[in-house]
Amino acid sequence: MDVIQQELLAQVAGLHEVPEGAYNIRANGEMAGRNTTANIDIITKTDRSGIDIKIKPGTRGESVHIPVVLSQSGLQESVYNDFFVGEDCDITIIAGCGIHNSGDQASEHSGIHRFFVDKNARVRYVEKHYGSGDGNGERVMNPTTEIHLAQGASLEMETVQIKGIDSTRRVTTASVEEGASLTIKEKIMTHGKQVAETDFTVDMEGEDSSVNLISRSVAREQSRQVFRSRINGNASCHGHSECDAIIMDEASVSAIPELTANDIDANLIHEAAIGKIAGEQLIKLMTLGLTEKEAEEQIVKGFLK
Amino acid sequence: MLELKNISFQAEDGGKEIEILRNVNLTLEDQFVAVTGPNGSGKSTLAKIVAGILTPTEGQILLDGVDITEKSITERAKLGIGFAFQQPVRFKGITVKDMLSIAAGKETAVSEVCSMLSEVGLCARDYVNREINASLSGGELKRIEIAMLMARKSKVSIFDEPEAGIDLWSFQNLIRVFEKMHEEIRGTILIISHQERILNIADQIVLLADGRIKKVGSREEIMPGLLGAGQPCKTLTDKL
């Protein structure tokens with residue numbers, strides 16, 4: 001792996017060397033490394049590009065890293081990764097995609113991740129997106145995530161996109177069964193002429209299921225963001241979504257919530273707040289000796305922490 | 001030493017010019033000064049003008065003989081003017097430790113944060129990593145606001161109604177904070193307050209009314225008149 005790819009890997013997966021536990025590293029469309037463990041198997045799909053990750057029931061405290069890096073300008077790929085998490089597992093999955101494009105052609109990665117989480121299993125899923133390179137070629141990323149939580153299962157997803165992705169459309173769908181819970185925390189910062197669209201659809205199918213969608217974003221310069229969340233309460237459940245955005249310069253942010261209760265005991269809440277940085281916050285930090293610019297950076301940094 | 005020369009401030013309200021401060025002249029030595037007066041007398045406006053948050057319509061502000069009237073908020077902060085807000089500001093994601101570090105102008109260790117917070121009656125263990133957001137009560141925020149100003153060690157420290165909302169924490173502690181700051185920094189401590197107990201420890205009291213200075217003097221000179229002026233009417237005294 002070359003220096004650029006190593007840098008991308010460090011950005012998206014925090015990896016500086018070969019990770020512990022199971023991993024699969026994909027670089028410019030090719031497998032660049034793989035390790036399996038007694039409990040976690042990784043199998044290349046035969047019908048299309050991608051892998052199956054199979055985690056044995058009862059696997060606890062293990063992690064799976066599946067980073068993707070693209071440094072070849074103009075490369076466009078769609079990758080299908082399926083995770084099968086057995087009953088009573090407690091595991092961490094770290095995915096992420098880094099694109100370095102110094103050419104003039106668009107580089108595009110579409111990752112389609114499906115999670116089949118069995119009864120009472122717990123999954124922490126971390127996903128980071130990062131782009132670099134000074135070429136005119138766009139860096140495009142369209143992650144699709146499909147989550148199925150069986151009875152009592154839980155999944156916590158953290159997704160972060162702070163820098164360098166020109167265009168992204170992230171679609172997440174989930175079905176949540178009895179007693180299962182889903183938490184999604186999204187952090188996005190866009191600048192320049194970037195476009196970021198987020199689209200969540202969650203079907204609450206079982207008694208006592210719960211979902212919590214939290215999006216924090218900062219839109220600077222002429223960038224555009226759209227946050228869409230659809231929660232369908234088909235049983236007694238708790239659904240909450242929250243979109244909190246700071247808008248700067250000439251940016252634009254839309255928050256489009258849609259709540260549907262199909263059960264009298266479905267409890268659904270949406271909160272959205274979009275606004276510029278409060279003047280009094282800037283003033284407070286300026287009375288502590290920061291310049292207006294430094295104050296702004298401090299507020300944004302805290303907000304996305 | 002802080003000097004205000006002929007400070008006036010006008011604001012617009014519904015297309016009408018309203019005079020908030022008029023010809024305020026004041027010289028503040030390195031001592032404990034309390035500014036008091038009825039609501040709407042211009043006390044907070046005066047404090048904001050000193051901090052640079054508001055620009056006076058007329059007049060000059062001098063810090064140690066240097067004209068700072070045209071200086072920005074940031075420049076004044078760097079020159080040694082600190083300001084604790086009447087209503088502290090909340091920040092999502094910024095922790096108590098982050099804010100105290102910004103205030104101190106350097107990365108502060110947990111032990112330092114601990115000593116700063118203990119001065120205002122808070123235990124660092126409970127607060128150091130708390131975000132300065134809506135999860136903190138008004139009283140907690142107020143104390144953190146005071147701790148931030150202590151951390152700055154400014155030549156001129158302005159507190160806008162520091163006593164508001166901290167009733168559960170003893171008053172005596174608040175007064176000790178001011179005394180300690182005064183001892184350590186030997187600067188000017190300017191406190192806007194209605195509280196008799198705070199006025200009682202001031203070296204100098206400034207009485208504002210209708211945007212003008214009505215009286216300036218030692219507490220012995222000002223206090224008796226103040227208490228008399230505030231006599232409630234008979235309907236109220238009958239009920240007391």
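Residues numbered from 1 in each chain as written. Chains lettered and ligands numbered in written order. Predicted model: local features only at pLDDT ≥ 70, side-chain atom pairs only at ≥ 80, totals over all residues. Heavy atoms only, no water.

A. Spatial organisation of the interface of chain B and chain A. On the chain A side, the residues contacting the 23 residues of chain B number 19 residues. For the chain B and chain A pair, buried surface summed over both sides reaches about 1,800 Å², with 65% attributable to carbon and sulfur atoms. Our count for the chain B to chain A interface comes out at 3 salt bridges. Between Glu 145 of chain B and Lys 284 of chain A there is a salt bridge, and its shortest N-O distance comes to 2.6 Å. At the level of secondary structure, the elements contributing two or more residues to the side of chain B that touches chain A comprise helix 2 (73-79), strand 6 (81-84), helix 3 (96-104) and helix 6 (138-152) of chain B. Considering only residue class, the side of chain B that touches chain A consists of 14 nonpolar, 3 polar and 6 charged. (Contact = heavy atoms within 4.5 Å. Buried area = accessible area lost by both parts, 1.4 Å probe. Salt bridge = Lys/Arg side-chain N within 4 Å of Asp/Glu carboxyl O. Helix = DSSP H or I, 4+ residues; strand = E, 2+ residues; numbered from the N terminus. Nonpolar A, V, L, I, M, F, W, Y, C, P; charged D, E, K, R; others polar.)

B. Expanded view of the pairing of strand 9 (residues 204-209) of chain B. Residue and element names in this part refer to chain B. Within strand 9, 6 of the 6 residues are buried, which leaves it mostly tucked inside the rest of the structure. Note: strand 9 against strand 10 (residues 212-217), 5 bridges, orientation antiparallel. Bridge pairing links Leu 208 to Ile 213 in strand 10. Here strand 9 folds back onto strand 10 in antiparallel fashion, the turn holding 2 residues, of which Asp 210 has a positive phi close to 50 degrees. (Buried < 20%, exposed > 50% of the residue type's maximum accessible area, 1.4 Å probe, protein only. Pairing = 2+ DSSP bridges.)

C. Examining the nonpolar core more closely. Counting residues in hydrophobic clusters, the biggest one holds 82 residues, and the most contacted among them are Leu 285 of chain A together with Met 99, Leu 117 and Phe 159 of chain B. Of the residues forming this core, the biggest block, 8 residues, is contributed by helix 6 of chain B. What Leu 285 of chain A contacts, discounting residues up to four positions off in sequence, is Leu 290, Ala 295, Gln 298 and Ile 299 of chain A together with Phe 91, Met 99 and Ile 102 of chain B. Ile 42, Ile 66, Val 117 and Leu 268 of chain A belong to the second-largest nonpolar core, a separate cluster that totals 40 residues. (Core = buried A, V, L, I, M, F, W, Y, C linked by side-chain atoms within 4.5 Å.)

D. Highlighting the environment of His 148 of chain A. Residues and elements named next belong to chain A. Summarising the element assignment, His 148 is placed in strand 11 (residues 144-149). Sequence-wise, His 148 and Thr 159 are 11 residues apart; in three dimensions their C-alpha atoms are separated by 18 Å. Among all residues touching His 148, those that are not within four sequence positions of it are Phe 115, Phe 116, Val 117 and Ser 175.

E. Region of the structure containing the side chain of Arg 152 of chain B. Tracing the sequence through the fold places Arg 152 of chain B in helix 6. Glu 294 of chain A is the oppositely charged side chain nearest to the buried, salt-bridge-free Arg 152 of chain B, at an N-O distance of 10 Å. Engagement of the side chain of Arg 152 of chain B in a polar contact is seen with the backbone oxygen of Ala 77 of chain B, the distance being 3.3 Å. Once residues within four sequence positions are removed from consideration, Arg 152 of chain B is found in contact with Thr 287, Leu 288 and Gly 289 of chain A together with Ala 77, Lys 78, Ile 102 and Ala 103 of chain B. (Lys, Arg positive; Asp, Glu negative; His and termini not counted. Polar contact = N/O pair within 3.5 Å; in protein donor to acceptor, adjacent residues only side chain to side chain.)

F. Examining the environment of Gln 195 of chain B more closely. All names here are of chain B. Mapped onto the fold, Gln 195 is located in the loop between strand 8 (188-192) and helix 8 (196-199). You can call Gln 195 partly exposed: its relative accessible area is 27%. Between the C-alpha atoms of Gln 195 and Ala 34, which are 161 residues apart in sequence, the distance is 9.8 Å. With near-sequence residues (within four places) excluded, Gln 195 lies in contact with Glu 163 and Phe 171.

G. Here's a closer look at the pairing of strand 7 (residues 90-100) of chain A. Residue and element names in this part refer to chain A. For strand 7, the tally of buried residues reaches 9 of 11 residues, placing the bulk of the element in the interior. Direction of pairing for strand 5 (residues 60-70) relative to strand 7: parallel, over a ladder of 10 bridges. Bridged to Glu 62 within strand 7 is Ile 91. Note: strand 7 against strand 9 (residues 122-132), 11 bridges, orientation parallel. Bridge assignment links Thr 92 to a residue of strand 9, and that residue is Arg 124.

H. Spatial organisation of the side chain of Glu 161 of chain B. Residues and elements named next belong to chain B. Along the chain, the position of Glu 161 falls in the loop between strand 7 (156-160) and helix 7 (171-185). No salt bridge is formed by the buried Glu 161. Its closest oppositely charged neighbour is Lys 43, at 4.7 Å. A polar contact of 3.3 Å, which involves the side chain of Glu 161, links it to the side chain of His 194. Discounting residues that sit within four places of it in the chain, Glu 161 has contacts with Lys 43, Gln 86, Lys 142, Ile 192 and His 194.

I. Helix 3 (residues 292-303) of chain A, seen in detail. Here helix 3 of chain A spans 16 Å end to end across 12 residues, near enough to the 16 Å set by a 1.5 Å rise per residue. Looking only at helix 3 of chain A, the buried set comprises Ala 295, Glu 296, Gln 298, Ile 299, Val 300, Gly 302 and Phe 303 of chain A. Buried residues in helix 3 of chain A make contact with strand 14 (181-190), strand 16 (209-219), strand 18 (237-247) and helix 2 (279-287) of chain A together with helix 3 of chain B. (Expected span 1.5 Å × (residues − 1).)

J. How the structure looks around the environment of Arg 230 of chain A. Residues and elements named next belong to chain A. Within the secondary structure, Arg 230 is located in strand 17 (residues 224-233). Classification of Arg 230 as partly exposed rests on a relative accessible area of 23%. Note: C-alpha distance between Arg 230 and Gly 21 (209 residues apart in sequence) is 36 Å. Every residue in contact with Arg 230, bar those within four places of it in the chain, is listed here: Asp 199, Phe 200, Thr 201, Val 202 and Glu 258.

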